[in-house]
Amino acid sequence: MRDALIEANWNEILRAVGNRNIKVIAVSKTQPVEKLQEAYQAGVRIFGENKIQEAIPKIQGLQSLPIEWHFIGHLQTNKSREAVRFFSWIHSIDSIKLLQHVEKEAIKQSKRTNLLLEVNLGGEESKSGTTEKDLPELLAAGRDLTWCRIYGLMTIPPFLEDVEEVRPYFQRLRELRDRYLPGYPELTELSMGMSHDYLVAIEEGATMVRIGTALFGKRAPVTNG
Ligand SMILES: *Cc1c(COP(=O)(O)O)cnc(C)c1O
């Protein structure tokens, strides 16, 4: 099963990334499992999903393949068990309560789980993520985890047509990472940049980019909100 468009898109993304050490996460939300298989054929090995219930059958369907799964959506505490079971990375830790739930599940399952703290830099009420002000407390709460480790920060900036207006958000996330790095030497990752702004994110130091439409094409509109 090959898909020439996905393959061409993937090669273009790889060209843009060049020889930098960046994880390209193929955001496969809303895509049927066949599309993920086509992306796999093109060389994709890291996929990102934002809804637990939607992701589980896809992950199970592709179980035999060496794929690294990243959870990038808002995580409710009552979904921590599935998040830990099915994903090796969770990008969206934004409260101490959620951190504790995830750690508890990771211990129960003896499952190494890599975490990023989501920071809401735009101050948009509608978006999840911790505030810059609460970040130190969240980092401190992550110090003594056993099966979980906090490896960096993630942000979803406001959607702005002009990518140059997004740049300051990426710069800010990097500043925060650099500020806390001396106290938290494992805080190396910066998950930032989506289809329309990942080139700018890479210029500003992204170590993970999350790319959906630029790889798979436009998603079908969500019908039930
Ligand atoms: C959907 C989504 C993406 C990918 O968005 P595109 O614009 O399609 O690349 C990245 N990150 C998160 C958190 C998402 O929900």
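How each quantity is defined
Residues numbered from 1 in each chain as written. Predicted model: local features only at pLDDT ≥ 70, side-chain atom pairs only at ≥ 80, totals over all residues. Heavy atoms only, no water. Helix = DSSP H or I, 4+ residues; strand = E, 2+ residues; numbered from the N terminus. Rg over C-alpha atoms; globule rule 2.2 N^0.38 Å. Buried < 20%, exposed > 50% of the residue type's maximum accessible area, 1.4 Å probe, protein only. Contact = heavy atoms within 4.5 Å. 1 Å grid on protein atoms, 1.4 Å probe; cavity = no way out; pocket = protein on both sides within 12 Å on 5 of 7 lines; lining within 4 Å. Points joined across faces, edges and corners; volume = space filled by probe spheres on them. Nonpolar A, V, L, I, M, F, W, Y, C, P; charged D, E, K, R; others polar. Axes fitted to C-alpha atoms, helices over the stretch in contact; angles between N-to-C directions. Parallel < 35°, antiparallel > 145°, perpendicular 65-115°, else oblique. Left-handed = near helix turned anticlockwise from the far one by under 90°. Polar contact = N/O pair within 3.5 Å; in protein donor to acceptor, adjacent residues only side chain to side chain. Salt bridge = Lys/Arg side-chain N within 4 Å of Asp/Glu carboxyl O. Near = heavy atom within 4 Å. Areas by Shrake-Rupley, 256 points an atom, 1.4 Å probe, with all protein chains shown as cover.

S.K.: Explanation requested: the overall build of the chain in the structure shown.
M.R.: Helix and strand content of the chain: 9 helices and 8 strands. In terms of overall dimensions, the chain is globule-like: its C-alpha atoms have a radius of gyration of 17 Å, near the 17 Å expected for 225 residues. Considered along the principal axes of its C-alpha atoms, the chain spans approximately 45 × 40 × 40 Å. Burial statistics for the chain: of 225 residues in total, 48% are counted as buried. For the chain, long-range pairs separated by at least 24 residues make up 60% of all intrachain contacts whose partners lie at least 6 apart in sequence.

S.K.: Just checking my understanding: could you explain the layout of surface pockets for this structure?
M.R.: To find leftover empty space, a probe the size of one water molecule is rolled over the atoms. Of the voids in this model, the largest pocket is the one considered here, and its volume is about 720 Å³. What lines the largest pocket is a set of 28 residues, and nearest its centre among them are K29, N50, I72, G73 and I156. Approximately 210 Å³ is the volume found for the second largest pocket. Looking at which element gives the most residues to the lining of the second largest pocket, the answer is strand 6 (residues 148-154), with 3 residues. Among the residues forming the lining of the second largest pocket, the class breakdown is 7 nonpolar, 2 polar and 3 charged.

S.K.: Just to check I follow, could you spell out the packing of helix 1 (residues 4-17) against helix 2 (residues 33-42) for this structure?
M.R.: Remark: helix 1 packs on helix 2, axes separated minimally by 9 Å, with the N-to-C direction vectors making an angle of 50°. Classified by the interaxial angle, the pair formed by helix 1 and helix 2 is oblique. Crossing geometry of helix 1 relative to helix 2 is assigned as right-handed. Taking contact as the criterion, the partners of I6, E7 and W10 in helix 1 are, on helix 2, K35, E38, A39 and A42.

S.K.: I'm lost on the environment of H70 in this one. Help?
M.R.: Mapping H70 onto the fold places it in strand 3 (residues 68-71). Through-space distance from the C-alpha of H70 to that of P32 is 17 Å; in sequence the pair is 38 residues apart. Excluding residues that lie within four positions of it along the chain, H70 makes contacts with K23, I25, I46, F47, G48, E49, F87, W89, H91 and M208. Within the local environment of H70, its side chain forms a polar contact with the side chain of E68, the two groups lying 2.7 Å apart. Within the local environment of H70, its side chain forms a polar contact with the side chain of H91, the two groups lying 2.8 Å apart.

S.K.: Can you walk me through the pattern of salt bridges in this structure?
M.R.: Two side chains that carry opposite charge are able to pair once their charged atoms sit near each other. Per the stated rule, a full pass over the model turns up 16 salt bridges. The salt bridge partner of K58 is E49, with a shortest N-O separation of 2.9 Å. With relative accessibility at 7%, the residue K58 sits in the buried group. One salt bridge in this structure joins D134 and K133, with 3.8 Å as the shortest N-O distance. On the basis of relative accessibility, which here comes to 33%, the residue D134 falls in the partly exposed class. A network of salt bridges, in which partner residues are shared, links E164, R167, E203 and E204.

S.K.: Before we go on, may I ask you to explain the site of the ligand in this structure?
M.R.: Around the ligand, the neighbouring residues are V27, K29, I72, I156, M194, S195, R210, I211, G212, T213 and R219. Within the contact set of the ligand, an oxygen atom lies 2.8 Å away from a backbone nitrogen or oxygen of G212. T213 places a polar main-chain atom, nitrogen or oxygen, 2.9 Å from an oxygen atom of the ligand. Calculation on the ligand without its partners gives an accessible area of 390 Å², and the protein chains cover 89% of this total. Residues that form the shell around the ligand fall into these classes: 5 nonpolar, 3 polar and 3 charged.

S.K.: Please explain unusual backbone geometry as it appears in this structure.
M.R.: Trans is the prevailing form of peptide bonds, just as negative phi is the prevailing case for residues other than glycine. The phi dihedral of T30 falls on the positive side, at around 70°, and the residue is not glycine. Judged by relative accessible area, which is 38%, T30 ranks as partly exposed. Unlike most non-glycine residues, S110 shows phi in positive territory, near 45°. Structurally, the position occupied by S110 is in the loop between helix 5 (96-109) and strand 5 (113-118). A relative accessible area of 46% places S110 in the partly exposed class.

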